[in-house]
Amino acid sequence: IARMQVSSFSQMMGYQMLAEAAEALGKHNEAATIRTRLAQLRVQYTKTYYDNATGNYFDHGPASSHAEASAANVPTSNSMALWLGIPLASERPKVVGALVENVKSLGHHLSTGIIGTRVLLPSLPIETAYLVATQDTYPGRSRQPTACTM
């Protein structure tokens, strides 16, 4: 997964947490302003990373190619977008479907790093998430490596 995509995800996650904090503190106008900016970022994220033909998110940048949108990258890319609520309601089933098919093609094994693993399970339907979470062969959650993946 490309650095710019992870950076964009991190920025949006920060805005989302900031909006929630402002709301909790009763700063409703500030929360609304932050949510407006977050909505703009969601539109830009979709324009930049979403491939409507496949239902997958990945970096289309100059150093990237469709080959880089390999089976190993889809779980993190799609999960980040789903976790942030980026896909439109009409596109969400397509993105989830692409994610589920990808996870199935990997034998329900993890192919995610530290960021993708955090957002993968909440992005999957419960049945698929359970199969990933209970995978007892490497690389599975019950056999997650202890070394840093970064």
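Let me sum up the structure you'll find in this document. (Residues numbered from 1 in each chain as written. Predicted model: local features only at pLDDT ≥ 70, side-chain atom pairs only at ≥ 80, totals over all residues. Heavy atoms only, no water.)

### Re the pattern of salt bridges
And then number 1: Tallying each qualifying case throughout the model produces one salt bridge.
And then number 2: K104 is the partner of E101 in a salt bridge, and the nearest nitrogen-oxygen pair spans 3.7 Å. Here E101 pairs with K104, and both are found in helix 4 (residues 92-105), just three residues apart, close to one helical turn.
And then number 3: Residue classification places K104 among the partly exposed positions, given a relative accessible area of 43%. (Salt bridge = Lys/Arg side-chain N within 4 Å of Asp/Glu carboxyl O. Helix = DSSP H or I, 4+ residues; strand = E, 2+ residues; numbered from the N terminus. Buried < 20%, exposed > 50% of the residue type's maximum accessible area, 1.4 Å probe, protein only.)

### Points about the packing of helix 3 (residues 74-83) against helix 4
And then number 1: Where helix 3 contacts helix 4, the axes come no closer than 9 Å and their chain directions differ by 150 degrees. Relative to helix 4, the element helix 3 lies roughly antiparallel. As for the relative orientation of helix 3 and helix 4, their crossing is left-handed in sense. Residue-level inspection shows V74, P75, N78, S79 and L82 of helix 3 in contact with helix 4, the latter providing R92, V95, V96, A98, L99 and N102.
And then number 2: Split into classes, the residues belonging to the contact of helix 3 with helix 4 amount to seven nonpolar, three polar and one charged. (Axes fitted to C-alpha atoms, helices over the stretch in contact; angles between N-to-C directions. Parallel < 35°, antiparallel > 145°, perpendicular 65-115°, else oblique. Left-handed = near helix turned anticlockwise from the far one by under 90°. Contact = heavy atoms within 4.5 Å. Nonpolar A, V, L, I, M, F, W, Y, C, P; charged D, E, K, R; others polar.)

### Re the packing of helix 1 (residues 3-24) against helix 2 (residues 28-49)
And then number 1: Orientation of helix 1 relative to helix 2, taken along the N-to-C sense of each, is 160 degrees, at an axis distance of 8 Å. Considering their axes alone, helix 1 and helix 2 lie roughly antiparallel with respect to each other. Crossing of helix 1 over helix 2 shows left-handed handedness.
And then number 2: Per-class residue counts for the contact of helix 1 with helix 2 are 13 nonpolar, five polar and six charged.

### Side note on the packing of aromatic side chains
And then number 1: Applying the stated criterion to the full structure yields four aromatic pairs.
And then number 2: Ring geometry for F9 against W83: centres 6.0 Å apart, planes inclined by 55 degrees, an arrangement best described as tilted. Linking F9 in helix 1 with W83 in helix 3, this pair joins segments that are 74 residues apart in sequence.
And then number 3: Among the aromatic residues, those joined into a cluster by ring pairs are Y45, Y49, Y50 and Y57. (Phe/Tyr/Trp six-rings, centres within 6.5 Å; stacked < 30°, edge-to-face > 60°.)

### A short note on helix 2
And then number 1: Its 22 residues place the ends of helix 2 31 Å apart at the C-alpha level, agreeing with the 32 Å of an ideal helix rising 1.5 Å per residue.
And then number 2: For helix 2, the full list of buried residues reads A31, I34, L38, L41, Y45 and Y49. Here the buried residues of helix 2 occupy an arc of 85 degrees about the axis, which is enough to place them on one side. Exposed side of helix 2, more than 90 degrees from the buried face: N29, T33 and K47 are the residues found there. (Expected span 1.5 Å × (residues − 1). Arc of directions from axis to C-beta.)

### Brief notes about the nonpolar core
And then number 1: Formed by 24 residues in total, the largest nonpolar core has its most connected members in M12, Y45, Y57, I86, L120 and L124.
And then number 2: Mapped by element, the contributors of at least two residues to this core are helix 1, helix 2, helix 3, helix 4, helix 5 (114-123) and helix 6 (126-133).
And then number 3: The element that contributes the greatest number of residues to this core is helix 4, accounting for five residues.
And then number 4: Setting aside residues up to four positions removed in sequence, Y45 forms contacts with Q5, S8, F9, M12, Y50, Y57, M80, A81 and I86. (Core = buried A, V, L, I, M, F, W, Y, C linked by side-chain atoms within 4.5 Å.)

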